[in-house]
Amino acid sequence: RKNIILRRQYIDFVKGMGPDIKLHLGCGDKKLKGYVNIDAVPTEGSDIVMDVVDLSVIPSNSISEIFMKSVFEHFYRHEQDQILREYHRVLKKGGKLVLGIPDFDIAVGAYLRKEKGIVGDVFDLNHVRQYVFGESVPENPFYQLHKDIFNKESIRLLLEKNGFVIERLENVFFENQHLPLTIAVTGVKKI
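Please read these numbers as outputs of a predicted model, since none were measured by experiment. (Residues numbered from 1 in each chain as written. Predicted model: local features only at pLDDT ≥ 70, side-chain atom pairs only at ≥ 80, totals over all residues. Heavy atoms only, no water.)

**As for the environment of D47**
Line of reasoning, step 1. Mapped onto the elements, D47 comes out in the loop between β2 (36-39) and β3 (48-49).
Line of reasoning, step 2. Sequence-wise, D47 and C27 are 20 residues apart; in three dimensions their C-alpha atoms are separated by 9.3 Å.
Line of reasoning, step 3. Setting aside residues no more than four positions away along its own chain, D47 makes contact with Q9, F13, K31, Y35, V36 and N37.
Line of reasoning, step 4. In terms of polar contacts, D47 uses its side chain to reach the side chain of K31, at 2.3 Å. (Helix = DSSP H or I, 4+ residues; strand = E, 2+ residues; numbered from the N terminus. Contact = heavy atoms within 4.5 Å. Polar contact = N/O pair within 3.5 Å; in protein donor to acceptor, adjacent residues only side chain to side chain.)

Written out as structure tokens, the structure reads:
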């Protein structure tokens, strides 16, 4: 029954969007124009509340882009292949999976080189903890913690293993970062 309700809600929301349907998964409070903004909990930015892992209410080969920024690291390693297969299923041929995830190599390198930190004088152990584990504060629920770490090579291999061809893979600055601590990766569904 829940999936029937979610399917109806999804179909009603995307009516009139045309053939270029884009999903913003794990949107939090950030609503992106031109996207169906989805989060697992009701937020200021969510158009639809549903699990961003189980997209079974979405038809196969119907999505042109899936965008996730600071979300994929919240999945356990043993879940990632299944999640990526599900995303691959809903994407059209040529559809894009766009991820922004913390780069473990850059965080550890910044710590070892004592680079300038985000809020402190140097990139300290607290910064590394934040990028590796997420922000562990009482007001953040458990699902906000990071469940895995990535570097450019590991995310490239993971996406390729699950049927994506890498279109973009580079480090970028995210919000108030003084270092390019985020991996921006785009995988394209070719088949």
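**Points about the side chain of Q80**
Line of reasoning, step 1. Structurally, the position occupied by Q80 is in helix α2 (residues 77-90).
Line of reasoning, step 2. At a separation of 2.9 Å, a polar atom in the side chain of Q80 contacts the side chain of D148.
Line of reasoning, step 3. Discounting chain neighbours no more than four positions away, the residues touching Q80 are F72, F75, D148, F150 and L158.

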